[in-house]
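So you can see what is in the structure, the chains are spelled out below.
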Amino acid sequence: MKSSWFALILAVLSTELLTSHCSTVKSPRFRGRVQQERKNIRPNIILVLTDDQDVELGSLQVMNKTRRIMENGGASFINAFVTTPMCCPSRSSMLTGKYVHNHNIYTNNENCSSPSWQATHEPRTFAVYLNNTGYRTAFFGKYLNEYNGSYIPPGWREWVGLVKNSRFYNYTISRNGNKEKHGFDYAKDYFTDLITNESINYFRMSKRIYPHRPIMMVISHAAPHGPEDSAPQFSELYPNASQHITPSYNYAPNMDKHWIMQYTGPMLPIHMEFTNILQRKRLQTLMSVDDSMERLYQMLAEMGELENTYIIYTADHGYHIGQFGLVKGKSMPYDFDIRVPFFIRGPSVEPGSVVPQIVLNIDLAPTVLDIAGLDTPPDMDGKSVLKLLDLERPGNSKFLRKKEEPNKNTQQSNQLPKYERVKELCQQARYQTACEQPGQKWQCTEDASGKLRIHKCKVSSDILAIRKRTRSIHSRGYNGKDKDCNCGDTDYRNSRTQRKNQRQFLRNPNAQKYKPRFVHTRQTRSLSVEFEGEIYDINLEEEELQVLKTKSITKRHNAENKEEAEETDGAPGDAMIADGSDAIGQPDSVRVTHKCFILPNDTIHCERELYQSARAWKDHKAYIDKEIEALQDKIKNLREVRGHLKRRKPDECDCSKQSYYNKEKGVKTQEKLKSHLHPFKEAAQEVDGKLQLFKENRRRKKERKGKKRQKKGDECSLPGLTCFTHDNNHWQTAPFWNLGSFCACTSSNNNTYWCLRTVNDTHNFLFCEFATGFLEYFDMNTDPYQLTNTVHTVERGILNQLHIQLMELRSCQGYKQCNPRPKGLETGNKDGGSYDPHRGQLWDGWEG
């Protein structure tokens, strides 16, 4: 299935839920951690991860063994969410404890397991920290969608990683760096059983060889992800599976939701039959995971390690099957895609306890570190959930992000006010600079009343006037000395103690006399350069007076701290010649500035002062920047003149042609019309012409693609949509699909959104802002399945406040920043604000 580029940010704020909101929860069970003595040996950690497992569609209802082990024997986190409902971004967040805007993995394709990920973020996963502190780390199963098996990620002592995406048969694994292919034999190749056997054998072997070394294992299952091939013993189970038929099933179209929901109509009968079989096959694949959990539990009990082992069970994101007419998929901001199972059992965790606070997948890495006795690194955005097992705490603040290009042609009815959108745009760096930047089309300015406005950049002749009338929105806060460590300002005065010490130092007769340093107010007299391993002194004082006279250059020898000076008379050896052409050694040398040269060997050498004095370096760099700006302006003007000359190129005379007179007359008429145009309108006509040409080329390209699809019989690919086809050959195991092929579209290219998810004692809502400006608001207390968008019922002031919270969270870094407290909101008040003392100091909201 073709993957499209999605973008998402979900902010989650919560406080504790009231007991009346959770009828199955009793207050004594909220205390999830029993105070017991821990063993001297650090605990083992086992993370069990499933792929695409939902909560809302009832996938856990059939996993009786897992529920008995994890739900009855540990703590259940009933409000667990993922920050990005897509495989690779979510898994990257689990490994690093960061939101997607901090690890830059936005989709399942671009940057997933890329060189930048491997160099920047992979060395900072929780496995690296645990491996460095003595844990025996091991990974078994699916890693990242684009992992190619060519290397072993850092931090893992034992590595059995699936190459590419989820498969149950006919796959390749990387076993400690060596690729190993598997076929279609269930006994040897079924992926769920394979990684279960490998993990159990590794645990037994490690405890036999290193009985006192703790183990951290990750068992990452492919189930229930497609192609949903179950084990043969489960292929006849659940013929009437219907857990996926929720109130939102086939609830379409939804004209009050974003574009793809408006476009998606009710499913056809073939689609509905497909969803029934898909739900059945997904449940069948989870049966093997259920058996795997039982085998893992029995192994720990037999070895006596059960009481010293933490087991964590969760999924990378949820799933939808027919909800809102979407046949299958993920990536939506609704609960069926972002809510996941989350259980913890281990030492001091009270069996059967329920934790109502919100937890996210970015909390997983800090939790693993906390279990191992390590502090959370400051760059991780999540926090350990073990503290939620100690005492009843209010909830936490979270949000998530994905990114995608918005569709500018999409018209929406409920948008943010114009001034809010302008303020948001003006916070982008590309609109904050002056119009001198090459290719810049828009600039943010402030008018006399202080309002932000966006102006279109004019031609270079008007830039100076614009600068005088307006000022950049960040100009008043800029200070060129903010990043300069040189504190020698003219208005600076030493303190009284410093002046007293200075006088005592100067009065000391034994103190060394210092001569004041000569301040350069003119061009440098000499230059020291290094060429071919030797250092030469070049006398520049005679350059202007004796341009044609050969200059004297002496070479310094530093052996035994002595300098030997020899006169040069043009002879080869230790002498070099510098003439008036600014050449050093050869006439090919170029003098770029009055202090820097480019030597014949393509190396750059400048005066020593630039390498020793920060102020001199800064002044010369500023001089170069000004020169570059001036040259860029000149190049821009020259290009405009060149374009003007191309447009006004005269035709060559050819009187032999009969149509010459008429052609010349037409040209003169066009030139006469152009001569009456304002220069700006003339340039606008040129831009419009290029835009029309671009649109025409794009239209022809779409026509060619459409004709190509018709020839191939592929009518499923639609512009701006992510679609898939399903046929009789998709599933290789029973139950099979024999109703023929069909097409279904699951998402759109403008599905870019940022959401605020709030759960507290009075409110339970979801607020989303889409990149197109569309807004959605759902009150889950009255509408638990998010059927109706009620954004029009929310006061404008509250919407603006929620928007400010999202703007703060979209650029947060580290758990201290990513837990903001909205200004003016108290704990659990009407506006949905929340505060989490467990997560420390929170931000104040922006004033704006």
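Cut-offs applied
- Residues numbered from 1 in each chain as written.
- Predicted model: local features only at pLDDT ≥ 70, side-chain atom pairs only at ≥ 80, totals over all residues.
- Heavy atoms only, no water.
- Buried < 20%, exposed > 50% of the residue type's maximum accessible area, 1.4 Å probe, protein only.
- Helix = DSSP H or I, 4+ residues; strand = E, 2+ residues; numbered from the N terminus.
- Pairing = 2+ DSSP bridges.
- Salt bridge = Lys/Arg side-chain N within 4 Å of Asp/Glu carboxyl O.
- Axes fitted to C-alpha atoms, helices over the stretch in contact; angles between N-to-C directions.
- Contact = heavy atoms within 4.5 Å.
- Disulfide = S-S within 2.5 Å.

### Comments concerning the pairing of strand 5 (residues 158–162)
Okay, so step 1: Taking burial as the measure, the five residues of strand 5 include five buried ones, the bulk of the element.
Okay, so step 2: Here strand 5 shows a buried face lined by Glu158, Val160 and Leu162 and a second buried face lined by Trp159 and Gly161.
Okay, so step 3: Pairing of strand 4 (residues 136–142) with strand 5, which is carried by five bridges, proceeds in the parallel orientation. Opposite Ala138, over in strand 5, you have Glu158 as the bridge partner.
Okay, so step 4: In the sheet, strand 5 pairs with strand 6 (residues 172–175) via three bridges, with the strands oriented antiparallel.

### Observations concerning the pattern of salt bridges
Okay, so step 1: On inspection of all chains with the given rule, the structure shows 22 salt bridges.
Okay, so step 2: A salt bridge links Glu294 to Lys65; the nearest nitrogen and oxygen atoms lie 3.2 Å apart. Here Glu294, found in helix 9 (residues 269–303), pairs with Lys65, found in helix 1 (residues 64–71); they are 229 residues apart in sequence, far enough to count as distant.
Okay, so step 3: Since its relative accessible area comes to 21%, Glu294 is described here as partly exposed.

### Regarding the sheet that holds strand 5
Okay, so step 1: Overall, mixed pairing links the 10 strands, which are arranged 7-6-5-4-8-2-9-10-3-11 in an open sheet. Because the sheet does not close on itself, it has two edges, and the strands there are strand 7 (178–181) and strand 11 (353–360). Shown here is a sheet whose adjacent strand axes are inclined to one another by a mean of 15°, direction ignored.
Okay, so step 2: Sheet strands in contact with helix 11 (residues 364–371) are strand 2 (44–50), strand 8 (215–220), strand 9 (309–315), strand 10 (342–345) and strand 11, and its direction is about 175° off that of strand 9.

### Points about the state of the cysteines
Okay, so step 1: What the rule picks out here adds up to five disulfides.
Okay, so step 2: In this model Cys88 forms its disulfide with Cys112; the gap between the sulfur atoms is 2.0 Å. Judged by the sign of its S-S torsion, about 95°, the cystine formed by Cys88 and Cys112 is right-handed. Of this pair, Cys88 sits in helix 2 (residues 87–96) while Cys112 sits in the loop between helix 3 (100–103) and helix 4 (115–121), and the two are 24 residues apart along the sequence. Both residues of the pair, Cys88 and Cys112, belong to the buried class.
Okay, so step 3: Between the sulfur of Cys755 and that of Cys768 lies a disulfide, 2.1 Å long from S to S. One disulfide, between Cys755 and Cys768, carries an S-S torsion of 110° and so falls in the right-handed class.

Keep in mind these values describe shape, not function.
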